[in-house]
Every structure is written in structure tokens, then in C-alpha cells.
Amino acid sequence: MTTIWNSSHRFDRKAAEWDENPRRTALAECVAKAIIETAGPVATMRAMEFGCGTGLLTLALAPHLGRFTAIDTSEEMLGVLNKKIETLGIRTVATRCADLLQVEERELWTEKPDFICSSMTLHHIADTQALLDRLNGLLRKGGTIAIADLDLEDGFFHDDETEEVHPGFERSLLQAMLEKAGFDRVSFITACEISKTNRAGEVKTYPIFLATAVKP
Ligand SMILES: C[S@@+](CC[C@H](N)C(=O)[O-])C[C@H]1O[C@@H](n2cnc3c(N)ncnc32)[C@H](O)[C@@H]1O
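Residues numbered from 1 in each chain as written. Predicted model: local features only at pLDDT ≥ 70, side-chain atom pairs only at ≥ 80, totals over all residues.

By secondary structure assignment, the location of Ala62 is in the loop between α3 (56-61) and β2 (68-72). What makes Ala62 buried here is the crowd of 23 C-beta atoms within 10 Å. Discounting chain neighbours no more than four positions away, the residues touching Ala62 are Phe68, Ile90, Thr92 and Val93. (Helix = DSSP H or I, 4+ residues; strand = E, 2+ residues; numbered from the N terminus. Buried ≥ 20, exposed ≤ 12 C-beta atoms within 10 Å, placed from the backbone. Contact = placed C-beta atoms within 7 Å.)

Turning our attention to the sheet that holds strand β7 (residues 203-214). The strand order β3-β2-β1-β4-β5-β7-β6 describes an open sheet built from seven strands, whose pairing is mixed. A strand with exactly one partner marks an edge of an open sheet, and here the two such strands are β3 (93-97) and β6 (184-197). Strand-to-strand twist across the sheet, computed as the mean angle between neighbouring axes with direction ignored, equals 15 degrees. One ladder, built from five bridges, connects strand β4 (residues 115-119) with strand β5 (residues 144-150); its direction is parallel. (Pairing = 2+ DSSP bridges. Axes fitted to C-alpha atoms, helices over the stretch in contact; angles between N-to-C directions.)

This next bit is on the site of the ligand. Around the ligand, the structure places 25 residues, and the nearest of them are Phe11, Gly51, Gly53, Ser74 and Leu100. Elements with a minimum of two residues in the shell around the ligand: α1 (7-14), α2 (22-39), α3 and β2. When the residues that make up the shell around the ligand are grouped by side-chain class, the tally is 13 nonpolar, nine polar and three charged. (Near = placed C-beta within 6 Å. Nonpolar A, V, L, I, M, F, W, Y, C, P; charged D, E, K, R; others polar.)

Function-wise, these values are silent; they only describe arrangement.
Structure, rendered in C-alpha cells:
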């Protein structure tokens, strides 16, 4: 199973207002800080982010990395990011509208990235193992991945109950999947926590993990 859950249309509709939610901008800042502190990005690394959305994480990490390819399935989300890139005169970030599970590698770059990152996208992709296998195939040997997402949650995190998503991830199961995909030195930290009134009307705190791993 390699389908995505029709997310591009949903995200197209949300793109214009995406950055207006202060919880999203705070989360991206917090994840960027955790990645900088634990994954050690450096300016010589070629980087890729999948599910970059409007580029909240991309633009926070770009000054710490070399050439950066930001990938998303939503044209509208990328449109917002492209405007920021143009306004800020950023030269190191290129965007691609593509489904990471389907796109041909030659359409993305000529040299494999040393660094792959993502925030809050993993739970939107149906086949987690297929995605991790793909990431391992895309990454250069010795390269690092850094993925932030929800810890296993109560199923009420998303406001829209029709949205097909994973209810977060249990760390030990995700670690096993990362290792099955061929990654080594898998480690987890809690990058931050989101407090919100969930779909059931309860105020809950949802931890966000940062998983890092290396392709041996
Ligand atoms: C919850 S948003 C997160 C956006 C951004 N990382 C942030 O934190 O603001 C998930 C993003 O993943 C994108 N996405 C979902 N499935 C994807 C896939 N298979 N390949 C690339 N992008 C995908 C969606 O279009 C959406 O922009």
C-alpha cells in the first residue's frame, strides 16, 4: 500500500492560513532547535525535507545547511513557501511538488542528500515502512535523518475526524521500522509538547518526538 490519504487537496485548502496558527510556528521553531542541537546539521550538507508545507521548518534550518530541496504534494503549500523564498532572496532552497513515494529520484537532484528531515508529515503517509525504506534509498551513505512527529495519541488530536492519519507512533515500533529500513543509531528525544483542546473537547498535552538515525 503506497497511497497517500488524499492530503494534497486538504492541504491546498489550508495553505493560505497555515502560518496564521501560532501553534504551528512555535512547533516548527521548537523542532528546528531540537534538530540543530541533536542532529548536527552543517553548511556542507545537502538537505531534503519531505512534507515541507509552507516551509516553517525549511526556512528555520536552511541557514544551517547547504543546498536544500523542499518537497510537498500540495501546490498551494509550496506556493506560500515559494513566495517567502522570493521575498527573502534565499538561493539555497529549491522546491518540488512531488509525492515522495512516487517521484523518480532523478527528478529531485543529481546528488543524494546527506540530511533528510521532516516535521508532522509522517502520520499523514499511509505506508510508514514504505516511506522509511524510500528515505533509506534516497539518503547518501553516512547521512542522517531527523523526523519529528506525534507520539502515540488518543486519536482526537486532529480536529477533522474524516482525516485519515496515523494516531501518532509508538517509539519502539517506529525504531523497529527504521532499523528494518536499514537505519542505524536510532535515537529519540521529546522535542516539544503541544497543548490544545482536542476534538473531544478536552485540554490535552501531546508530546512530539524527534527521531534521528544514520544510514550506515
Ligand atoms: C501537517 S503538514 C506539515 C507541514 C510542515 N512540515 C509544518 O510543520 O508546517 C503535512 C504536509 O505533508 C505533505 N505531504 C503529505 N503526504 C506527502 C507525500 N507523500 N510526499 C510529500 N509531501 C506530503 C502535505 O501536503 C502537507 O503539506
